[in-house]
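Spelled out, the chains give:
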Amino acid sequence: MTWTRRDFARLGAMGVAAHLAPQINAQAPERKTGVSTDGSPSVGSKTGYAVIGLGRIASHFMPGVRLTTNSQITGLVSGHRDKADRIAAEYGVPQNSIYSYDNFDEIANNKTIDAVYVALPNSMHAEYTIRAAKAGKHVLCEKPMATNVAECQAMIAACKAANVKLMIAYRCHYEPTNLRAIQLIRSGAIGQVQAIESAFGFDIAPGEWRLSKKMAGGGPLFDVGIYSLNACRYLTGEEPNRIAAFSSVIDRDGRFNEVEENVGWTMKFPSGIVASCNTTYGGSMEGYFRVHGAKGWIDVNPAFIYEGLHLRADCDGKPIDEPNPARDPSQFQAEAGHFSHCVQSGVEPQSPGEEGLRDLSYITMIYRSAGIAI
Ligand code: NDP
């Protein structure tokens, strides 16, 4: 079967995504929304976002927002005013909607800002989520949700107390190729799933905040291994009940004095499905997953990057080859479109704070099993 660009756009539309992935989050309510031509749910006015931290991921998110019909960038928060001024000019953000980390709390008085997008180093997610909630703003927070379980719980509590929505930016939950894999599995196309393999990693440059335990919480598992962990959960629709892990440092070149270089872990799910995952900061490891069923297999490679995703499968002898033609920043468009829809219509996000909390609790178990202090 060959999929067209239109098929993918339609599959990525939020209402359809919810239909295809009913177990991605069992608590997600059914969405009833119209769908615009660009795939964003079509709802009245636009949700205004203040982007906190104008780094690499923000530079994908902001163009994605621009493609939606229901979202816009209305504020910027940065430690670098010159950079903020340049981006403000690009997105039409007025000077009085640019904030520093010091005067951030003044966003409470800015009616053009409905929500914040937290694109900061991991250790700052909890602080800025809680401050944003206290300012009465909804929060879309990058993954990993925080650096430990207690921070996740505090973030959820703060957003509940302020009656604002909290979503963790798991863009694969809104991505058509990942959703297609879920749909094939749930339809029984490869029979009972027996095993999953997944990996994601890269060769990290020295000097990154990601190598600081204080700022990152941990190593590649927090950063990119989390994609494999989360994928095993949405592919099976189950929560792991047994976890075993190993970690190592091979390159004694000063990069891994605080965080691990490699983690390998296995998970057993209640149905008996077993998953085997790896993550590294020591070399290029293309993000993929391979699902082995009783009647076939699904291979998505790459599965986790911003574009060029490719699904191949054998469903009981029937081959499937579906390259995804969508280009960056379509995943960020879908993610922002979904959260704005939730803000505007009052429904819960597909990937709420509780989803981020679950991953942090499994990361904690993986670290404990590997003998890493967290
Ligand atoms: P960057 O280092 O590129 O950007 C982080 C930004 O945070 C900086 O540019 C800076 O913005 C601000 N910042 C504030 N204080 C600090 C500090 N002490 N050190 C460094 N930066 C600071 O990081 P990324 O954009 O790669 O990652 C940000 C978050 O997004 C992380 O949580 C990461 O896990 C997540 N992420 C998610 C991805 C996804 O696909 N969903 C992909 C990549 C990252 P300013 O100069 O404006 O103050």
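Residues numbered from 1 in each chain as written. Predicted model: local features only at pLDDT ≥ 70, side-chain atom pairs only at ≥ 80, totals over all residues.

A. The arrangement of unusual backbone geometry in detail. Here the residue pair Asn-301 and Pro-302 is connected by a cis peptide bond, since its omega of 0 degrees sits within 30 degrees of zero. You can see Pro-302 is positioned in the loop between β12 (296–300) and β13 (310–315). Omega for the peptide link from Asp-328 to Pro-329 comes to 15 degrees, which places this bond in the cis form. In this structure, Asp-316 takes a positive phi of about 55 degrees despite not being glycine. (Helix = DSSP H or I, 4+ residues; strand = E, 2+ residues; numbered from the N terminus.)

B. Broad picture of the site of the ligand. Within the structure, the ligand sits among 19 residues, and Gly-53, Leu-54, Gly-55, Ser-78 and Gly-79 are positioned closest to it. For the shell around the ligand, the class distribution of residues is seven nonpolar, six polar and six charged. (Near = placed C-beta within 6 Å. Nonpolar A, V, L, I, M, F, W, Y, C, P; charged D, E, K, R; others polar.)

C. A look at helix α9 (residues 220–236). Counted at 1.5 Å a residue, the expected span for α9 with its 17 residues is 24 Å, and the 23 Å between its end C-alpha atoms agrees. Of all the bends in α9, the greatest measures close to 50 degrees and is centred on Ile-226. For α9, the tally of buried residues reaches 17 of 17 residues, placing the bulk of the element in the interior. Where α9 ends, the next residue or the one after it, Gly-237, has phi of about 70 degrees, a positive value. (Expected span 1.5 Å × (residues − 1). Bend = angle between axes of the 7 residues up to and from the residue. Buried ≥ 20, exposed ≤ 12 C-beta atoms within 10 Å, placed from the backbone.)

D. Focus on the environment of Cys-342. Within the secondary structure, Cys-342 is located in helix α10 (residues 330–345). Expressed as a C-alpha distance, the spacing of Cys-342 and Met-167, which sit 175 residues apart in the sequence, is 9.5 Å.

E. Summary view of the environment of Ala-181. Tracing the sequence through the fold places Ala-181 in helix α7 (residues 176–186). C-beta crowding within 10 Å serves as the criterion here: with 28 such atoms nearby, Ala-181 is assigned to the buried category. C-alpha of Ala-181 to C-alpha of Val-291: the two residues are 110 residues apart in sequence and 9.0 Å apart in space. Excluding residues that lie within four positions of it along the chain, Ala-181 makes contacts with Leu-235, Val-291, Ile-298, Val-300 and Leu-311. (Contact = placed C-beta atoms within 7 Å.)

F. Spotlight on helix α6 (residues 149–161). Relative to the 18 Å expected for 13 residues at 1.5 Å per residue, α6 spans 18 Å between its end C-alpha atoms, a close match to the ideal helical length. Of all the residues in α6, the buried ones are Glu-151, Cys-152, Met-155, Ala-158 and Cys-159. Along the long axis of α6, the arc covered by the buried residues comes to 130 degrees, so they all point the same way. Residues of α6 that are exposed and angled more than 90 degrees away from the buried face: Ala-150, Lys-160 and Ala-161. Check the buried side of α6 and you find it contacts α5 (125–134), β5 (138–141), β6 (166–168) and α11 (353–370). Following α6 by one or two positions, Asn-163 has its phi on the positive side, about 60 degrees. (Arc of directions from axis to C-beta.)

G. The nonpolar core, seen in detail. Counting 101 residues, the largest nonpolar core has Val-51, Ile-52, Val-139 and Leu-235 as the members making the most contacts within it. With ten residues, α9 is the single largest residue contributor to this core. Counting the residues that make up this core, at least three belong to each of domain 1 (30–171 + 332–350) and domain 2 (172–326 + 358–370). Apart from the residues within four sequence positions on either side, Val-51 is in contact with Ala-58, Phe-61, Met-62, Ile-73, Leu-76, Val-77, Tyr-117 and Ala-119. (Core = buried A, V, L, I, M, F, W, Y, C linked by C-beta atoms within 7 Å. Domains from an automatic or database assignment.)

H. How the structure looks around the sheet that holds strand β10 (residues 274–280). A sheet is described by the order of its strands in space; here eight strands give the open sequence β8-β9-β10-β7-β11-β12-β13-β14, paired in mixed fashion. A strand with exactly one partner marks an edge of an open sheet, and here the two such strands are β8 (242–248) and β14 (318–323). The average angle at which neighbouring strand axes cross in this sheet is 10 degrees, direction not considered. In the sheet, β13 pairs with β14 via six bridges, with the strands oriented antiparallel. What sits directly across from Arg-312, in β14, is Asp-321. Sheet contacts for α9: β7 (193–203), β9 (262–268), β10 and β11 (282–293); angle to β7, the most-contacted strand, approximately 160 degrees. (Pairing = 2+ DSSP bridges. Axes fitted to C-alpha atoms, helices over the stretch in contact; angles between N-to-C directions.)

I. Highlighting the packing of α6 against α11. At a minimum axis separation of 9 Å, α6 and α11 run at an interaxial angle of 170 degrees. Taken together, the axes of α6 and α11 lie roughly antiparallel to each other. Taken together, the residues of α11 that come into contact with α6 (itself represented by Val-149, Cys-152, Gln-153, Met-155, Ile-156 and Cys-159) are Gly-353, Glu-354, Gly-356, Leu-357, Leu-360, Ser-361 and Thr-364. Residue composition of the contact of α6 with α11, by class: seven nonpolar, five polar and one charged. (Parallel < 35°, antiparallel > 145°, perpendicular 65-115°, else oblique.)

J. Quick look at the pairing of β9. Both β8 and β9 contribute to a ladder of seven bridges, which runs antiparallel. The partner of Ile-243 across the bridge, within β9, is Met-267. Taken together, the seven bridges between β9 and β10 define a ladder with antiparallel strand orientation. By the bridge assignment for β10, Trp-265 is matched with Cys-277. Between the antiparallel neighbours β9 and β10 lie five residues, among them Gly-272 with a positive phi of about 110 degrees.

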